[in-house]
Amino acid sequence: MKLAPLQWCNWPYYKQLMRTDKPIGTFLLLWPTLWALWLAGADWPPIDLVAIFTAGVFVMRSAGCVINDFADRKVDGAVARTKGRPLAAGKVVAGEALSLFALLIVIAFALVLLLNWQTILFSFAALALAACYPFMKRYTHFPQVVLGAAFSWAIPMAYMATIETLPLQAWLIFIANILWTVAYDTLYAMVDRDDDVKVGIKSTAILFGRYDLLIVSILYVLFVAILAYIGVSTAAFWPYWLGLGTASLLLIKQVFHCRTRDKEACFKAFLNNHYVGMVIFFGLAISLL
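Residues numbered from 1 in each chain as written. Predicted model: local features only at pLDDT ≥ 70, side-chain atom pairs only at ≥ 80, totals over all residues. Heavy atoms only, no water.

Enquirer: I'd like a rundown of the overall build of the protein chain, residues and numbers included.
Expert: When you go through the protein chain residue by residue, the secondary structure sums to 13 helices and 0 strands. Along the protein chain, helices (α) and strands (β) appear in the sequence α-α-α-α-α-α-α-α-α-α-α-α-α when read from the amino end. Taking 19 Å as the expected radius of gyration for a compact globule of 289 residues, we find that the protein chain reaches 19 Å, a close match to that expectation. With the C-alpha coordinates aligned to their principal axes, the bounding extent of the protein chain is approximately 55 × 45 × 30 Å. Partitioning the contacts of the protein chain with sequence separation of at least 6, the portion at a separation of at least 24 is 75%. In the structure as shown, the protein chain presents an accessible area of about 13200 Å², 71% of it carried by carbon and sulfur atoms. Both charge centroids of the protein chain, one from 22 positive and one from 16 negative side chains, sit 7 Å from each other. (Helix = DSSP H or I, 4+ residues; strand = E, 2+ residues; numbered from the N terminus. Rg over C-alpha atoms; globule rule 2.2 N^0.38 Å. Contact = heavy atoms within 4.5 Å. Areas by Shrake-Rupley, 256 points an atom, 1.4 Å probe, with all protein chains shown as cover. Lys, Arg positive; Asp, Glu negative; His and termini not counted. Charge placed at Lys NZ, Arg CZ, Asp CG, Glu CD.)

Enquirer: Tell me about the packing of aromatic side chains, and please be specific about residues and values.
Expert: Tallying each qualifying case throughout the model produces 22 aromatic pairs. The interplanar angle of 20 degrees and the centroid separation of 5.5 Å between the aromatic rings of Phe122 and Trp153 together place this pair among those described as stacked. Taken together, the positions of Phe122 in helix α5 (residues 117-136) and Trp153 in the loop between α6 (143-152) and α7 (154-163) put the pair 31 residues apart, joining distant regions of the chain. For Trp153, a relative accessible area of 16% translates into the label buried. Measuring from centroid to centroid gives 5.5 Å for Tyr240 and Trp241, while their planes differ by 90 degrees, and the two rings are edge-to-face. Relative accessible area serves as the criterion here: at 33%, Trp241 is assigned to the partly exposed category. Following the ring pairs from residue to residue traces out a cluster consisting of Trp35, Trp180, Tyr184, Tyr188, Phe223, Phe267 and Phe270. One residue, Arg73, lies across the ring of Phe70, its end atom 4.1 Å from the ring centre. The ring centre of Phe256 lies 4.0 Å from the NZ or CZ of Arg259, which sits over that ring. (Phe/Tyr/Trp six-rings, centres within 6.5 Å; stacked < 30°, edge-to-face > 60°. Buried < 20%, exposed > 50% of the residue type's maximum accessible area, 1.4 Å probe, protein only. Lys NZ or Arg CZ within 6 Å of the ring centre and 35° of its normal.)

Enquirer: Quick one: what's the story with helix α8 (residues 168-191), residue by residue and with numbers?
Expert: Helix length check: α8 (24 residues) gives 36 Å between terminal C-alpha atoms against 34 Å at 1.5 Å per residue, within 8%. With 20 of its 24 residues buried, α8 lies for the most part within the structure. (Expected span 1.5 Å × (residues − 1).)

Enquirer: How would you explain the environment of Phe281 if you had to name every residue and give the values?
Expert: Here Phe281 is to be found in helix α13 (residues 263-288). Apart from the residues lying within four places of it in its own chain, the contact partners of Phe281 are Trp31, Leu34, Trp35 and Trp38.

Enquirer: Now, about the side chain of Asp185: what can you tell me, with residues and values included?
Expert: With respect to the helices and strands, Asp185 occurs in helix α8. Leave out the neighbours within four places in its chain, and Asp185 touches Tyr133, Gln144 and Leu147.

Enquirer: If you had to explain the environment of Ala205 to someone new, which residues and values would you point to?
Expert: With respect to the helices and strands, Ala205 occurs in helix α10 (residues 204-208). Looking at Ala205, the relative accessible area reads 0%, which means it is buried. Ala205 sits 114 residues away from Lys91 along the chain, and the two C-alpha atoms are 30 Å apart. Among all residues touching Ala205, those that are not within four sequence positions of it are Thr186, Ala189, Met190 and Arg193.

Enquirer: So what's going on with unusual backbone geometry? Residues and values would help.
Expert: Positioned with a positive phi, Arg19 is a non-glycine residue whose angle comes to about 60 degrees. Among the structural elements, Arg19 can be located in the loop between α1 (11-17) and α2 (24-40). Of the residues examined, Arg19 reaches a relative accessible area of 10% and is grouped as buried. With a phi angle near 60 degrees, Glu164 is a residue other than glycine that sits in the positive phi range. Tracing the chain through its elements places Glu164 in the loop between α7 and α8. Among the residues examined, Glu164 registers a relative accessible area of 48% and is labelled partly exposed.

Okay, structure coming up:
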């Protein structure tokens, strides 16, 4: 597949490929990154690090969306939710998507060059995870685990950029975020489950079957338990616990509203995880004051 020149007249479609109109993925990637930046130094991090990582989150999430649509260009047309995407609808060609992906990766690498050499090395793993995730749904029922790793890799990068080492705490947050990602992306996959079965796309929603909400609930419990352990081990103050408690109530509400497996309810529950990440962050940030 050859790269194709980017066309100025197609920028509205490129923005759709990058999901700039749907920032939920950016937020779900951003909040755990901010958790890590604040926890790594046990204090408010330098503003330049926050700016670099925030920009990097936006660029890498955009790149991930572009390569995802490239990978799914031949099946998106058969799925009700995705048939209007630019590649599936023929608004842009595959070569343009690859060129846009390459441009975004160059921008992301330019950002990471502003950090220390350890973080630069870690960035190659981030690129590999972002690039391979969209293709995993053809070979395994656990693409959500690969997505979780991709969405979590900014956590060790944040620790490396801040303190140049990876303590146990970094890996605990990494694991917790994978559990959380698998859970909420399973809810997301439940929206497309019927169409995915028809076109041969694999997911945890299909694998878990009638045990989907039970497993999602277990993953949420483990996620909260790890964050609670981190709160205890760092002697976090009451705002952290208020944030984590609020997040727990939101997670319980999600599972309750999805009990009928209604597609709209599952999608709304997925979107609600933005607030889960947000209240945990603000609780953590205020606690560190």
